[in-house]
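Overview (structure and organization)
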Amino acid sequence: MKVRTTLCHTGRGDQTQEVRSVNAPVMRASTILFQNYETWQKYRDLRKKERVLSYGARGTATNFELEKLVCELEGGYRAQLFPTGLASLAMVLLNYAKAGTHYIISDAIYGPVRTVAEEFLKKVDVEVSYCKADCSNLEELIKPNTTLLLCESPGSILYEIVDLPKVSKIAHDHGMIVAIDNTWASGFLFQPLKHGADISVIAATKYLSGHSDVTMGIVVCNEKTWPSFSVLPEALGFTTSPDDAYLVMRGIRTLPVRLRQHEKTNDQVVEYLKTRPEIKTIFYPKLETHPGHDVFMKLYDGANGMLTIELADGYTKEDAVKFQDALKYFACGASWGGYESLATVTTPPRTATDWSKRGPFVRFHIGLEDAEDLIEDLGQALDLISKEKK
Ligand SMILES: *Cc1c(COP(=O)(O)O)cnc(C)c1O
């Protein structure tokens, strides 16, 4: 089965019934009933290794169907849902947190992860170093007690590319676990577990759900990491709503068509922005000038709606804000991956590389609106702040 077929046919519940609905019904439950004590005991034992029905908080059939689908999409062994993408990343960090150990996190990581490191890992005596966004200096930072690499590719805001097969090899040679935030590719554009990662995390809040109406995260493990990973979230009582799982499942059915359309419109917007002298740098991995472009083309099956620009020298943050506020179709808001366009003036959170002298930056999510409308909108807002002679 090819990916697009999987996305249409997997996770639809029991397909053997003579008469049935297209989608599996939502199963809402706290108490689960067992025929007798023997069955009860069998499922208690099973749930130590598998995602099976045993108690509502441990997941219902609706949650399991989604886990199964994303797991298949990512080529994983088992997957588990979490209430948010951030909770998923935090759980990976918590799971391996042992006093006296050392983690390496890529500089391109989703910003709030730094708070987890600062507010939790530090307290339990886990040291964190930030490597370059593309992990090119990973080896220099590895110590005898380094146990985990958490990276993100393409990186948040600036889309730095990690050569995952190469980086995983280095980390594995030092006995480390390799985890990656795969939200940008959302399983369709890249499958990290097939390229060396042990754990892949997706914020389903973004493209998997695709409609800006639900938050959820998912952790996909390989066979090596699943046994250890699956214990802690159970112990901590993490759960997700089956209604939310249903919404994500509904979104995921159209993931390929949405992503291809976001990419197509983004390509057109990028071509237009190249002609504007108010812009110095366009951050978009499909551009030949983008750092890591060759690795990106080798590993990834296309781009999405994410795009960031840096305004030309002489433009201030105030100009960027004026530009953002002048946009008609690009709303001001966090998150991305819905059908709608967004724009936010932003500063990339980086510590391993100094970006303080750069910018101002504006990050866009290119939505599913008509490309002509978006381009016209960007044009009028750039005209408004333009210091160029016309
Ligand atoms: C948004 C985002 C997250 C966090 O997802 P939430 O569901 O909002 O917590 C994690 N990683 C990346 C790359 C993201 O863009």
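Let us look at the structure shown here. Throughout this description, residue numbers start from 1 for each chain and increase along the sequence as written. Only residues with pLDDT of 70 or above have their local features reported here, since the model is predicted, and side-chain atom pairs are shown and tallied only from 80 upward, although totals for entire chains, interfaces and linings are computed over all residues. Working from all heavy atoms in the structure, the side-chain values ignore hydrogens and water.

Let's talk about the pattern of salt bridges
Pairs can form between side chains of opposite charge once their charged atoms are near each other. As a reminder, the rule being used: When a carboxyl oxygen of Asp or Glu lies within 4 Å of a side-chain nitrogen of Lys or Arg, that pair is called a salt bridge. Runs of E in the DSSP output that reach at least two residues are strands. Runs of H or I that reach at least four are helices, and both are numbered from the N terminus. Any residue under 20% of the maximum accessible area for its type is buried, any over 50% is exposed, and the rest in between are partly exposed; the area is computed with a 1.4 Å probe on protein chains only.
Applying the stated rule across the entire model yields 25 salt bridges. Residue K224 pairs with D198 through a salt bridge whose shortest N-O separation is 3.3 Å. Taken together, the positions of K224 in the loop between strand 7 (217-221) and helix 8 (226-229) and D198 in the loop between strand 5 (177-181) and strand 6 (199-203) put the pair 26 residues apart, joining distant regions of the chain. The class for D198 is buried, based on a relative accessible area of 2%. Taken together, the salt bridges that share partners define one network made up of R260, E263, D267, K286 and D301.

Topic: the sheet that holds strand 7
Inclusion rule: For two strands to count as paired, DSSP must find a minimum of two bridges between them. Angles here are taken between N-to-C directions and fall from 0 to 180 degrees, while the axes themselves are lines fitted to C-alpha atoms, restricted in helices to the stretch in contact. When checking whether two residues touch, look at their non-hydrogen atoms; a contact exists if any pair is within 4.5 Å.
What the 7 strands build is an open sheet, ordered 1-7-6-5-4-2-3; its pairing is mixed. Lying at the two open borders of the sheet, with one neighbouring strand each, are strand 1 (78-82) and strand 3 (127-131). The mean inter-strand angle of the sheet, taken between neighbouring strand axes irrespective of direction, is 20 degrees. Bridge count between strand 6 and strand 7: 5 bridges; the pairing is antiparallel. Opposite A203, over in strand 7, you have G217 as the bridge partner. Most of the contacts of helix 3 (residues 61-74) go to strand 1, to which it runs at about 125 degrees, and overall it touches strand 1, strand 6 and strand 7.

Section: the pairing of strand 4 (residues 146-152)
Cut-off, in case you're wondering: Convention used here: a crossover is right-handed provided that the path from the first strand, over the helix, to the second strand proceeds clockwise when the strands point away from the viewer.
Along strand 4, 6 of the 7 residues are buried, which leaves the element largely enclosed by surrounding structure. Bridge analysis of strand 2 (residues 102-106) against strand 4 gives 4 bridges, and the strand direction is parallel. Note that in strand 4 the partner of H102 across the bridge is T146. With 5 bridges joining them, strand 4 and strand 5 adopt parallel strand pairing. Bridging across to strand 5, E152 finds its partner in D181. Following the chain from strand 4 across helix 7 (residues 164-173) to the adjacent parallel strand 5, one finds a crossover that is right-handed.

Here we look at the nonpolar core
Rules: Put simply, buried Ala, Val, Leu, Ile, Met, Phe, Trp, Tyr and Cys residues joined by side-chain atoms within 4.5 Å make one nonpolar core.
Of all hydrophobic cores here, the largest spans 85 residues; its most connected members are L149, F323 and F364. In contact with L149, other than residues within four places in its own chain, are I104, C131, C135, L138, V167, M176, I177, V178 and A179. Grouped together as the second largest cluster of nonpolar side chains are 26 residues, A90, I105, A179 and F229 included.

Considering the packing of aromatic side chains
Basically, it comes down to this: Classification of ring pairs uses Phe, Tyr and Trp, with its six-membered ring standing for Trp, and accepts pairs whose centres are within 6.5 Å; under 30 degrees between planes counts as stacked, over 60 as edge-to-face, and the remaining range as tilted. Note on geometry: a ring has a charge over it if NZ (lysine) or CZ (arginine) is within 6 Å of the ring centre and within 35 degrees of the ring normal.
A complete count under the given rule lists 14 aromatic pairs for this structure. Their ring planes at 65 degrees and their centres at 6.0 Å tell us that W355 and F361 sit as a pair that is edge-to-face. Under the relative-accessibility criterion, W355 is labelled buried at 18%. Put simply, the rings of W184, F190, F296 and Y300 pair up and form one aromatic cluster. In this structure, R78 is placed above the aromatic ring of Y77, and the distance from its NZ or CZ to the ring centre is 4.4 Å.

Some thoughts on the site of the ligand
The condition that has to hold: Proximity criterion: a residue is near a molecule or strand once any of its heavy atoms comes within 4 Å of it. Polar contacts, as counted here, are pairs of nitrogen or oxygen atoms within 3.5 Å of one another; within protein the pair requires one atom able to donate a hydrogen and one able to accept it, and residues that are adjacent in sequence qualify only if both atoms are side-chain atoms. We get accessible surface area from the Shrake-Rupley algorithm with a probe of 1.4 Å; when it comes to residues, only the shown protein chains can shield them.
Not every one of the 13 residues close to the ligand is listed here, only the nearest: G85, L86, D181, T205 and K206. Between a nitrogen atom of the ligand and a side-chain N or O atom of D181, the distance comes to 2.6 Å. When the ligand sits alone it has 380 Å² of accessible area, and the protein chains cover 90% of it. In terms of residues, the shell around the ligand owes the most to one element, helix 4 (residues 85-95), which gives 3 residues.

Points about the environment of F190
With respect to the helices, strands and loops of the structure, F190 is situated in the loop between strand 5 and strand 6. Classification of F190 as buried rests on a relative accessible area of 1%. In this structure, F190 is in contact with E74, L164, N182, A185, H195, L299 and Y300, ignoring residues within four places of it in sequence.

Thoughts on the environment of M91
Inspection of the secondary structure assignment puts M91 in helix 4. Under the relative-accessibility criterion, M91 is labelled buried at 1%. In sequence terms M91 and L232 are 141 residues apart; their C-alpha atoms lie 8.0 Å from each other.

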